[in-house]
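# Notes for the structure review
Given next are the chains, with one letter for each unit.
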Amino acid sequence: TDTVFASDGKISASGDLLGNSAQFANNGINTLNISNAGAISASSTIQGTAFTAQTNGDTKATIDASGNISGAGALTANSFNITNNGDNVFSVTNAGAVSASGELHGNSIALTNNGDNVFSVSNAGAVSASGELAGTSLTLKVNGLDRASIDTAGDFTCRTISGSGAFSAREAQFNHNG
């Protein structure tokens, strides 16, 4: 009396439905299969409030009811986007281009082109560039004190100039005490 088989093929049970495997079809088309090994195949959306993937009782990945994803392995994708309130805040394209709307933090940075280092900043703050450094002005400081500068007009100021070779210029002016 706990199980009913209707003439239209419907089954109703108040207890467990037991079997080796299950196959559900609609108009002869498989819509859901559960194998005797536990594999699930569906031709439509599988819905739930949470998901946990485990191997031999060891959790490999989870998706909680809030959409938080946690995984024990690598995240592999063709491209990757992180959004906040619908705004893209971080992305990596399938060509490897990285875009971030906030600061990128790290110990050091090395930019390469075809395997050649073209720009780097060490964790001590040393900057190396194989190309031109361009800007509107430059100020070099040590412990917060100006040591040399080039302003937007191209005027150069420094504490000391020394060298072992020739000093040449179209024009030079040396002042002492004004």
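Residues numbered from 1 in each chain as written. Predicted model: local features only at pLDDT ≥ 70, side-chain atom pairs only at ≥ 80, totals over all residues. Heavy atoms only, no water.

### Considerations on the overall build of the protein chain
Here is the rule we go by: Labels follow the DSSP assignment, with helices taken as runs of H or I lasting at least four residues and strands as runs of E lasting at least two, numbered in each case from the N terminus. In this description the radius of gyration comes from C-alpha coordinates, and the expected globular size is given by 2.2 Å times residues to the power 0.38. Classification of residues uses two cut-offs on accessible area relative to the type maximum, computed with a 1.4 Å probe and protein chains only: under 20% is buried, over 50% is exposed, and between them is partly exposed. Should any heavy atoms of two residues lie within 4.5 Å, those residues are considered in contact. The Shrake-Rupley method, run with a 1.4 Å probe, gives the accessible areas here. Residue values count only the displayed protein chains as cover. In this charge count, Lys and Arg are treated as positive and Asp and Glu as negative; neither His nor the chain ends contribute. Every charge is mapped to an atom, namely NZ of Lys, CZ of Arg, CG of Asp or CD of Glu.
Helix and strand content of the protein chain: zero helices and 17 strands. Its C-alpha radius of gyration of 34 Å places the protein chain more than 25% over the 16 Å reference for a compact globule of 178 residues. Overall size of the protein chain, expressed as C-alpha extent along the three principal axes, is 110 × 35 × 30 Å. Taking all 178 residues of the protein chain together, the buried fraction comes to 2%. Within the protein chain, counting contacts between residues at least 6 apart in sequence, those at least 24 apart form 0% of the total. With the model as given, the accessible surface of the protein chain reaches about 15,700 Å², and the carbon-plus-sulfur share is 48%. If the 6 positive side-chain charges of the protein chain are averaged to one point and the 13 negative ones to another, these points end up 13 Å apart.

### What about the environment of Cys-158?
Mapped onto the elements of the fold, Cys-158 is located in strand 17 (residues 156-158). On the accessibility criterion, Cys-158 (26% relative accessible area) is partly exposed. Cys-158 sits 12 residues away from Asp-146 along the chain, and the two C-alpha atoms are 8.2 Å apart. Once residues within four sequence positions are removed from consideration, Cys-158 is found in contact with Arg-147 and Ala-148.

### As for the confidence of the model for the protein chain
The condition that has to hold: pLDDT: the predictor's confidence for each residue, scored from 0 to 100.
Across the protein chain, the average pLDDT comes to 87, with 99% of residues at or above 70. The least confident element of the protein chain, judged by mean pLDDT, is strand 1 (residues 3-5) at 72; the most confident is strand 7 (residues 58-63) at 93.

### Comments concerning unusual backbone geometry
The phi dihedral of Asn-56 is positive, around 50°, even though this residue is not glycine. Looking at where Asn-56 falls in the secondary structure, it is placed in the loop between strand 6 (51-55) and strand 7. On the basis of relative accessibility, which here comes to 82%, the residue Asn-56 falls in the exposed class. Phi at Asn-85 takes a positive value of approximately 55°, unusual for a residue other than glycine. Looking at the secondary structure, you find Asn-85 in the loop between strand 9 (80-84) and strand 10 (87-92). Residue Asn-85 is classed as exposed on the basis of its relative accessible area, which comes to 76%.

### Here we look at the pairing of strand 16 (residues 145-150)
Going by this rule: Being paired, for any two strands, means DSSP has found at least two bridges between them.
In this sheet, strand 16 lies alongside strand 15 (residues 138-142) in antiparallel orientation, the contact comprising five bridges. By the bridge assignment, Leu-140 is partnered in strand 16 with Ala-148. Counted between consecutive antiparallel strands, the loop separating strand 15 from strand 16 contains two residues, among which Asn-143 sits at a positive phi close to 50°. The pairing of strand 16 with strand 17 spans three bridges and is classified as antiparallel. The residue of strand 17 that forms the bridge with Ile-150 is Phe-156. Hairpin connection of strand 16 to strand 17: five residues between the antiparallel strands, including Gly-154 at a positive phi of 95°.

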